[in-house]
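Summary of the model geometry
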Amino acid sequence: MADVIQMHFTTADYVIFALLLVASAGIGLFYAFSGGRQRTTQEFLMADRSMSCLPVSLSLLATFQSAVAILGAPSEVYTYGTQYWFLGCSYFLGLLIPAHVFIPVFYRLRLSSAYEYLELRFNKTVRICGTVTFIFQMVIYMGVVLYAPALALNAVTGFDLWGAVLAMGSVCTLYTALGGLKAVIWTDVFQTVVMFAGQLAVIVVGASQAGGMAEVWRIAVNGSRISALDLNPDPLERHTFWTLGVGGVFLMLALYGVNQAQVQRYLSSRTEKQAIMSCYVVFPCQQIVLCLGCLMGLVMYARYGEDSPLTKGYVQSNDQMVLYFVMDVFRDLPGLPGLFVACLFSGALSTISSAFNSLATVTMEDLIKPHFPNMTESKATFLSKGLALVYGLVCLAMAYVASRMGSVLQAAFSIFGMIGGPLLGLFCLGMFFPCANSTGAVVGLVAGLVMAFWIGIGSFVMRVSGQSGLPPLNNTAFVNMSSSIIPVLENSTAAPRPVGLEAFYSLSYMWYSAHNSTTVVLVGLVVSLLTGPMKEKDLRPGTVFPVLGTLLFFLPQRYKEKLCCVTPLASEPRAMDTKPYQTGQRVGVFSSEEEEESDGQEKETKTLPPSCQILPPCDQETSL
């Protein structure tokens, strides 16, 4: 059996893997020594707000498609079938809402950090709470994303574990610290192409060895791996259309709506229209990625059937099974295993570099600049590069911690997803409810986090102890930036429906984000009403999205004004002041010359409550 398990890289595989690292580092060095040479924080952190739609959209996709997702999706489909594909139904609203709600608000406020919005809407305390929560979330996630694929590669091929970790961590830190966001985005584009190529190669070769896609499909149908539409409304069911297609919307919103790594890419776009278009371009790309993951799982099933490498003891966990399959399929094709490993580590590099850059941005913009308002541009840029470097070292340290955690890796995966929902709830509370105040925001966030950790950790402990009717957590999880955990588990016999606290802990992980964000909103509203709701005149223009104006489009204008659901400035694109926001300024208010030119229209606008105003579309190029 040993000769079956033991698989090794050839020289060609090592060369292809090395070329990935060299190319990624080369892109970073190119942007470090070309253009503006990363001499300003706007260029280093925001890519000079000059990016076009295509690279931004591919970067958004690469950030979402982490290495553990590449390993986990095929294993999920192999074990449970194609029910997971219905997650694609959530992509539509999960991208449409950010495109037409979150992006306009963030872009027109000309932010650098998503959490700057929280200060504009509430106060500095809420901003710091949001920032610290995000940093905690990403620091934990970085080490796991770096370590998990390296561990799987080491277990299957004998590839040096810490050699892979150090190579990835060092290269990623290098091009992120030197080349800034522009380098991160363009390396994401390159790495996306590598990811598509690696997955396609596995599917094409694996399907041909199985007798073609028609034969793969036939075997999958006979093995009950082609799932029908499951309309069971039970929230305790792990995967149904409702958990994936509806609960998944909240997971997508937590990622594409308010996550700094994604928001930063929107804000780097040349115009608001380009930022919105990037969301639309991501939609078909995500569907392709989802289909590739499902097809790879079906090809795996066609090769192994019910007799998986895991049940035979060739591998120790499901995430290693995908790599075993790749090495098995490509054993007589030198170079192709290296291509898939390059695909796998491209996912890790894109996710980690996005984390480095977003962490450097929020630390600089939210925690340092407010205390040093007179810091020179050169010093701020140097400090931003230093922060990216420091977070790179923290990532390597977290990878070491992850290596010592063993089964607690499950908890680390859970922690990342459990924090996404409460942060989504915090932004929704501020953006959709004018009455919400800062006290309600802080208490709501804390309540959401407490609820998230209660359910997540309680579910984890019960599964580990085997006290629930749920399958035991004995394998590594599949995680992406938007979800809490997607456990890839072995089939188990049907268990009676849980009751009491056990039912509470048995809530499908796909509802975590919806449940936790709703907790933040409800608690925040109740506390705001008890402590004195905010008044319209106290809200900054452009910080509240007039969602009622869209829903109640049929009402006469005078009733819309009373309900604060008018968007008087959004109908006609107008030039706006492009000076960066400074504390104490009114965001989105036109200059005096502009006010004189449109005196009549401006007078009408001033009679409306400030929170009703959403800033004009920014379709011209910015000049920050």
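A quick note: this is a predicted structure, and the numbers were derived from the prediction, not measured.

Re a nonpolar patch on the surface
On the surface, L29, F33, L174 and L178 cluster together into a nonpolar patch covering about 340 Å² of accessible area. For L178, a relative accessible area of 31% translates into the label partly exposed.

Comments concerning the nonpolar core
Counting 169 residues, the largest nonpolar core has F106, Y117, Y256, L323, F325, F340 and F345 as the members making the most contacts within it. In terms of residues, this core owes the most to one element, helix α9 (residues 161-210), which gives 20 residues. Filtering out sequence-adjacent residues up to four positions away, Y256 remains in contact with L60, L61, F64, G94, L95, P98, Q262, Y266, V282 and Q286.

Considering the pattern of salt bridges
Within the structure shown, the criterion is met by ten salt bridges. We note a salt bridge from R108 to E272, for which the minimum N-O separation is 2.8 Å. In this pair, R108 sits in helix α6 (residues 90-108) while E272 sits in helix α14 (residues 272-304), placing the two residues 164 residues apart along the sequence. Take R108: its relative accessible area is 8%, and that puts it in the buried class. The salt bridge involving D366 is made with R127; its shortest N-O contact spans 2.7 Å. Here the residue D366 occupies a position in helix α17 (residues 336-368), and R127 occupies one in helix α8 (residues 124-157), the gap between them amounting to 239 residues. Its relative accessible area of 6% is what places R127 among the buried residues. Several salt bridges converge on common partners, so that one network encompasses E119, R127 and D366.

So, α6
With 19 residues, α6 extends 27 Å from end C-alpha to end C-alpha; this agrees with the ideal 27 Å at 1.5 Å per step. At P98, α6 is bent by approximately 40 degrees, the largest bend along its length. For α6, the buried fraction is high: 14 of the 19 residues fall into the buried class. Positive phi shows up at R110, right after α6, with a value of about 55 degrees.

Side note on the state of the cysteines
Applying the stated rule across the entire model yields zero disulfides. The thiol sulfur of C395 is not disulfide-bonded, and the nearest other cysteine sulfur, from C172, lies at 7.2 Å.

Section: the packing of α8 against α17
Relative orientation of the contacting elements α8 and α17 amounts to 160 degrees, with a least axis distance of 10 Å. It follows from the interaxial angle that α8 and α17 lie roughly antiparallel. In this structure, the crossing between α8 and α17 has a hand that is left-handed. Grouping the constituent residues of the contact of α8 with α17 by class yields 22 nonpolar, four polar and three charged.

Regarding helix α13 (residues 260-267)
Across the eight residues of α13, eight count as buried, placing the element largely inside the fold. Taken together, the buried positions of α13 are occupied by Q260, A261, Q262, V263, Q264, R265, Y266 and L267. Capping the start of α13 is the job of one residue whose side-chain oxygen sits 2.9 Å from the backbone nitrogen of A261: N259.

A look at the packing of aromatic side chains
Counted by the stated rule, this structure contains 20 aromatic pairs. Ring geometry for F92 and F283: centres 6.2 Å apart, planes at 75 degrees, overall edge-to-face. Of the two residues, F92 is situated in helix α6 and F283 in helix α14; the sequence distance between them amounts to 191 residues. Overall, F92 belongs to the partly exposed group, its relative accessible area being 48%. Since its relative accessible area comes to 27%, F283 is described here as partly exposed. With a centroid separation of 5.2 Å and 75 degrees between ring planes, the pair formed by F241 and W242 is classed as edge-to-face.

Side note on the side chain of Q286
Structurally, Q286 can be placed in helix α14. Assessed through its relative accessible area of 1%, Q286 is described here as buried. In this view, Q286 contacts L61, F64, Y91, L95, M252 and Y256; residues no more than four positions away in its chain are not counted.

Regarding the side chain of T240
Relative to the elements of secondary structure, T240 occurs in the loop between α10 (213-222) and α11 (241-245). With a relative accessible area of 0%, T240 lands in the buried category. In contact with T240, not counting residues within four places along its chain, are Q83, D230, N232 and G245.

A word on the packing of α8 against α9
For the pair α8 and α9, interaxial distance at closest approach is 9 Å and the crossing angle is 145 degrees. For the pair α8 and α9, the crossing hand works out as right-handed. Every residue of α9 that contacts α8 at L146, Y147, A150, L151 and N154 is listed here: L161, W162, A164, V165, M168 and G169. Considered class by class, the residues forming the contact of α8 with α9 number nine nonpolar, two polar and no charged.

Each value, and the rule that gives it
- Residues numbered from 1 in each chain as written.
- Predicted model: local features only at pLDDT ≥ 70, side-chain atom pairs only at ≥ 80, totals over all residues.
- Heavy atoms only, no water.
- Patch = residues over 30% accessible without salt bridge, like charges linked within 9 Å, V, L, I, M, F, W, Y side chains within 5 Å.
- Areas by Shrake-Rupley, 256 points an atom, 1.4 Å probe, with all protein chains shown as cover.
- Salt bridge = Lys/Arg side-chain N within 4 Å of Asp/Glu carboxyl O.
- Buried < 20%, exposed > 50% of the residue type's maximum accessible area, 1.4 Å probe, protein only.
- Core = buried A, V, L, I, M, F, W, Y, C linked by side-chain atoms within 4.5 Å.
- Helix = DSSP H or I, 4+ residues; strand = E, 2+ residues; numbered from the N terminus.
- Contact = heavy atoms within 4.5 Å.
- Expected span 1.5 Å × (residues − 1).
- Bend = angle between axes of the 7 residues up to and from the residue.
- Disulfide = S-S within 2.5 Å.
- Axes fitted to C-alpha atoms, helices over the stretch in contact; angles between N-to-C directions.
- Parallel < 35°, antiparallel > 145°, perpendicular 65-115°, else oblique.
- Left-handed = near helix turned anticlockwise from the far one by under 90°.
- Nonpolar A, V, L, I, M, F, W, Y, C, P; charged D, E, K, R; others polar.
- Polar contact = N/O pair within 3.5 Å; in protein donor to acceptor, adjacent residues only side chain to side chain.
- Phe/Tyr/Trp six-rings, centres within 6.5 Å; stacked < 30°, edge-to-face > 60°.

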